[in-house]
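Residue strings, one per chain:
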Amino acid sequence: SVSCANDRPAWASQGAQDDPTQLKRAGELARSGKYDEAIGIYKELAAKDGPTAVASRRGLLRTLSETGKYADAEEAGRRFVAGASGVELQNALGEVLQLRGKTADAESAFKAAVAGPASDSLTARLNLDVLRFDRGAHAEALKDLDGFIDVYNSPRRSLTSDELMA
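Note that the structure is predicted; figures quoted are calculated from it, not measured. Position numbers for residues count from 1 along each chain, tracking the sequence in the order it is written. Given that this is a predicted model, residues contribute local features only at a pLDDT of at least 70 and side-chain atom pairs are listed and counted only at 80 or more, while totals for whole chains, interfaces and linings are drawn from all residues. Think of the side-chain values as coming from all heavy atoms in the structure, minus any hydrogens and water.

Things to note about the packing of helix H3 (residues 53–66) against helix H5 (residues 90–99)
Pairs of packed helices are described in terms of their axes, by the angle between the two and the distance that separates them.
Logical step 1: Throughout, an axis means a line fitted to C-alpha atoms (over the contacting stretch in the case of helices), and angles, computed between N-to-C directions, take values from 0 to 180 degrees. A run of H or I in DSSP counts as a helix once it spans at least four residues, and a run of E counts as a strand once it spans at least two, with each numbered from the N terminus. The N-to-C vectors of H3 and H5 enclose an angle of 15°; their axes lie 9 Å apart at closest approach. In terms of their interaxial angle, H3 and H5 are classed as roughly parallel. You can see that H3 and H5 cross each other, and the crossing is left-handed. Residue-level contacts link Arg58, Leu61 and Ser65 of H3 to Ala92, Leu93, Val96 and Leu99 of H5. Comment on the angle field: the value is read as roughly parallel under 35 degrees, roughly antiparallel over 145, roughly perpendicular from 65 to 115, and oblique elsewhere. In this scheme, a crossing is called left-handed if the near helix is turned counterclockwise away from the far one by less than a right angle; it is called right-handed if the turn is clockwise. Throughout, a residue-residue contact means that at least one pair of heavy atoms, one from each residue, lies within 4.5 Å.

Written as structure tokens, this is what we have:
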């Protein structure tokens, strides 16, 4: 088949773009409801190893989940955690698994992200505590959730913006 320039998104004709610019564009597309375009960019970036690989893989899993493509998100997530930087994708995979009702697998993924520690380990820890609370282990969950106060008040390390959002 023959393709023409009109078959591509407008930003594709603007010349070669670096991965961070494409990653930003994918996020903008997803936020504006242009999920298929965002998924296409995320897939392209996720196939590469580089500075945007983790963020693009997380974005892909999130966008696939937001569009109801849970099986695709789980399959991609399991593939990602088996590869380089796999620990960095454990929390995102856990979130997908939790949405699919696979709580035991989700718990394992959250624990792997916390143990890693992944850069989003605080979010994984929160997800793990919510899972525990929902399962009925209230005392265990609340005890660990109380520990978040110590994390935020600790002078030993400053938190990233993603950690502050957790």
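A short note on helix H2 (residues 35–46)
Logical step 1: In a helix, the anticipated span is given by 1.5 Å times the number of residues less one. Taking 1.5 Å of rise per residue, the 12 residues of H2 would be expected to cover 16 Å, and the 16 Å separating its terminal C-alpha atoms lies within 8% of that figure.
Logical step 2: Think of it in three bands: with a 1.4 Å probe and only protein chains considered, a residue is buried below 20% of the maximum accessible area for its type, exposed above 50%, and partly exposed in between. Three or more residues of H2 are buried, namely Ala38, Ile39, Ile41, Tyr42, Leu45 and Ala46. An end-on view of H2 places all buried positions within 165° of arc, on one side of the element.
Logical step 3: Those residues of H2 that are buried lie in contact with helix H1 (19–31), H3 and helix H4 (70–81). Working definition: the arc comes from the directions between the helix axis and the C-beta atoms, pointing outward to the latter.

Section: the environment of Lys111
Logical step 1: If you trace the backbone, Lys111 turns up in helix H6 (residues 103–115).
Logical step 2: Residue classification places Lys111 among the partly exposed residues on the basis of a relative accessible area of 41%.
Logical step 3: Spatially, the C-alpha atoms of Lys111 and Gln90 are 8.4 Å apart, while their sequence positions differ by 21 residues.
Logical step 4: In this view, Lys111 contacts Leu128 and Arg132; residues no more than four positions away in its chain are not counted.

Focus: the confidence of the model for the protein chain
Logical step 1: Think of pLDDT as the predictor's per-residue confidence, scored from 0 to 100. Looking at the protein chain as a whole, its pLDDT mean stands at 86, while 83% of the residues score no less than 70.
Logical step 2: In the model, residues 1–16 has pLDDT below 50 throughout and makes 9 contacts with residues more than four positions away in sequence or in other chains.

Some words on the pattern of salt bridges
Logical step 1: The term salt bridge refers to a pairing of a side-chain nitrogen on Lys or Arg with a carboxyl oxygen on Asp or Glu at a separation within 4 Å. In the structure shown here, the tally under the stated rule is 16 salt bridges.
Logical step 2: The partner of Glu75 in a salt bridge is Arg79, with the nearest N and O atoms 2.7 Å apart. Of the two residues, Glu75 and Arg79 are both situated in helix H4; the distance of 4 residues between them amounts to about one turn of the helix.
Logical step 3: The exposure class of Glu75 is partly exposed, given its relative accessible area of 48%.
Logical step 4: Salt bridges sharing common partners tie together Glu74, Arg78, Arg100, Lys102 and Asp105.

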